[in-house]
Structure formats: C-alpha cells, structure tokens
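Summary of the model geometry
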Amino acid sequence: MTNGPGAGIPAVSTAILAMSRHLEVRDVLKTIVASARELLDAEYAALGVPDDHGGFAQFVVDGVSAEQWKAIGPLPRQHGILAAMLHNATPERLADVREDPRFGGWPAAHPDMSDFLGLPVADGDEILGALFLANKRCPEGAPSRREGCGFTEDDERLLGILAQHAAIALTNARLYERSRELTIAGERARLAHELHDAVAQKLFSLRLTAQAATALVDRDPVRAKDELHQVAALAAEAAEELRAAVVELRPAALDEDGLVATLRSQIQVLDRAHAARVSFAAHGVRALPSAQEEAVLRVAQEALHNALRHSGAESVEVTLSRDGQGALLRIADDGCGFDPGAVRRAGRHLGLVSMHDRAGGVGGKLTVESEPGKGTAVEMEVPGG
C-alpha cells in the first residue's frame, strides 16, 4: 500500500464513512481499529479507552485472534508508552518499541512487535483513548523490517486525520447511547407517575368501600353485600391498571431494535461501567414472541446484576443461541460462586425465585450451576412461537 497524501486521502475518506455508519460505541471502536490497520497496512492495531483507575474501560484489537487474545491475559495498565499518549496527548512513532526505555515487556503469549505508531484520540482537552499500530508490513522485496519499512511521517499524518474523526465518531456514539438511556429513564418516570396516580386512586376507593361494607355488615347485610361486590369490581380494575402498566413498561428498545440488539447495547454499557469484562455473542437467534423476549431480557439483567454486584467476577460471558424454534440464554461468570444446596439463602440473595418465575411464565426452563470458588452459570431455555 502506498501511503502518500494523494493515495491516502481517499482511503481516509472511506474509513471515516465506515465509522459514521455506526451508533453503538463498541461498533465504532472496532471500525476505528480495523480502518487504521488497513489504512496503514499494519499487522496489529488497538484502541484503548481509559477508565479512572489506571486501567482500560475498553480495549479493542485487530490482527489478533480470539484464541491469542484470551491467552495474552488481563488488559494492559496505563503505563509506559500508553501512559505517555493518554496523559500528555503525545504522538509516538518508534522504530523499535522494545528498545524504548519506557518499554516494560509483555506477556508470553503477546505477539512480537517492533515498529510502533500511536496517537491519542482527543475531543478538545479530553483524551478519549489511545490508538496505536505495530509492525508495518514491508513492501515486497524489502530485505528486512529494519531496513526502511517502518512507519513514516506520512503515516503519522494520515493516522492523525483518522484519529480526529475517530474522536467525533466516538463522541457521537456516546451521546447517542446516553440520549437513549435518558429517553428510557424519562419514559419510565412518566409511566411510574401515571401508575402511581391511577392505582393510588383505585386503592383509595377500594379502602373506603371496604370500610363501608364493614360498617354495614351487622345492621344492613344486603347493602354490605352490594358494597363487597363493589370491592371486587374495584380490585379487578386496579389489577387491570397494573397489567396495562406492565405491558407499557416493556423496554422500548425491544420493540425498536429486537432482543439481540437490545442485549448487546445493554451489555456494552455494563462492560464500560464495571471493572469486569462483559461480553456478548449471538448465534442464529430468531425473533421470539414479545413475552418470551421480555422474559429473556429480564432474566439476563437479573443474572448480570448478580454477577457484577455480588460475585467478584473478572469476566462475564453472555450468549444467546438458537434452540430449535426457541432460544437458549447463558450467563457464565468466573466469580466466587455459591452452594446451590443453600436454596433459600441463595434464592433470596440472587433473585433465583424471580428468574424461575419469569422462565416458567413463558413456558421456559431455568437452570443454575454453581460451586464455591468455581463461578456461576445461569441458563434459560424458552420455546418459540
């Protein structure tokens, strides 16, 4: 690939268009990394979004297989060259990263890297992340990497253009996700207010009518009976109000985006918000009836809450796969686990009763496997329509 300004600008334009097609933060990050690697013809590319604790809230790589990435181990910390880019907004272009005095080595399974190019991704004074590439591919016929086929000034300029637009795309994606969260929160607040007003009024009438029936039961049984019939009617109306509110509280994203996209979006938010790595994969899932989709989402939310708040897990994996005409949900963590034999204690603590009820309510089945020190796996099978 020729990386002169004339040849590079069309490629940058293509990369920018690719980034602008996505609204989810994780998708934007992946597109930035893949575009940078292709643009500069590098073997490896990565983008780290820092957290507030010296680590990374998200870290996306391209050029490394899933097996390699798993073998490498925990995410890097904000130190050495990464820290320089994140804290000082300093571009870094090195002929051999291993010879830099800030280089601190890498895990045994980490691929060998030499030439290095890194730039901060910044929005004004805020550094959103560090984008870097390694091992520029040598042109055909070049005798070795050390003889003139590392990253160039033109490469740095092109990556700088990409990084500026990456900041815009990443900021837009964050704003989009935040606006969706606020919209959902606002809608829930409105519904809660309406629910409170409607049900409170019905319950107030119910209480007054029951009191009247109590006062009449001895001296006017016929009228007391009429009042009790009214109590039954008011109770039915209150139950209907509650059912209508529950239907309306169905997550808006389910209707707009479907189960897979809704789960993926929520899990990406959790992945950013927690120290544990939270991942999601979907395999051939078909659309399910609305009741099943909502039950799957609620069970996933409950199980994720348990894993992230109570288990101390470093990794939580969520998978949703096709199971005949239905679906199979699995949430597995590597946390502290618990003794399934202590059913009552665990049921209260982990909301297992609620999850079992949700699964059973749509004709599904919930199973929980756990052992102290061995993590927990929650599986939910639901039939199709």
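About the criteria used
Residues numbered from 1 in each chain as written. Predicted model: local features only at pLDDT ≥ 70, side-chain atom pairs only at ≥ 80, totals over all residues. Heavy atoms only, no water. Pairing = 2+ DSSP bridges. Helix = DSSP H or I, 4+ residues; strand = E, 2+ residues; numbered from the N terminus. Axes fitted to C-alpha atoms, helices over the stretch in contact; angles between N-to-C directions. Contact = heavy atoms within 4.5 Å. Salt bridge = Lys/Arg side-chain N within 4 Å of Asp/Glu carboxyl O. Buried < 20%, exposed > 50% of the residue type's maximum accessible area, 1.4 Å probe, protein only.

**What to know about the sheet that holds strand β1 (residues 42-50)**
Pairing in this open sheet of 5 strands is antiparallel, and the strands run β2-β1-β5-β4-β3 from one edge to the other. Looking at strand neighbours, the two that pair on one side only are β2 (56-62) and β3 (92-94), the edges of this open sheet. In this sheet, adjacent strand axes meet at a mean angle of 15° when their direction is disregarded. Packed onto the sheet, helix α2 (residues 25-40) meets β1, β2, β4 (116-123) and β5 (126-136) and runs at close to 40° relative to β2. Each of β1, β2, β3, β4 and β5 touches helix α4 (residues 80-88); the most contacted strand, β5, lies at about 140° to it.

**Comments concerning the pattern of salt bridges**
In this structure the tally under the stated criterion is 11 salt bridges. R330 is paired through a salt bridge with E379; the nearest N and O atoms lie 2.8 Å apart. Of this pair, R330 sits in strand β8 (residues 326-333) while E379 sits in strand β10 (residues 376-382), and the two are 49 residues apart along the sequence. We classify R330 as partly exposed; its relative accessible area is 29%. Ionic contacts of the salt-bridge type, sharing partners, join the residues E92, D100 and R102 into one network.

**Overview of α4**
If you check which residues of α4 are buried, you get I81, L82, A83, A84, M85 and L86. Its buried side turned inward, α4 meets β1, β2, β3, β4 and β5. Count one or two residues on from α4 and you reach A89, which has phi positive near 50°.

**Considering the pairing of β8**
Within β8, 6 of the 8 residues are buried, which leaves the element mostly enclosed by the surrounding structure. Relative to β8, strand β7 (residues 315-323) is paired through 8 bridges, and the arrangement is antiparallel. Counted as the bridge partner of L320 is L329 from β8. Hairpin geometry of β7 and β8 is characterised by an intervening segment of 2 residues between the two adjacent antiparallel strands and by a positive phi of about 65° at G324. Sheet analysis places β8 next to β10, joined by 7 bridges and oriented antiparallel. Bridge assignment links A332 to a residue of β10, and that residue is A377.

**Side note on the sheet that holds β10**
The strand order across the open sheet formed by 5 strands is β6-β7-β8-β10-β9, and the pairing between neighbours is mixed. Edge positions in the sheet fall to β6 (277-283) and β9 (365-370), since each has one partner strand and no second. On average, each strand axis in the sheet is inclined to that of its neighbour by 10°, with strand direction left out of account. When β6 meets β7, the two strands line up parallel, connected through 7 bridges.

**Things to note about unusual backbone geometry**
Backbone geometry places A89, a non-glycine residue, at a positive phi of 50°. With respect to the helices and strands, A89 occurs in the loop between α4 and β3. Residue class for A89 comes out partly exposed when judged on its relative accessible area of 40%. Here N135, not a glycine, exhibits a phi torsion of approximately 60°, which is positive.

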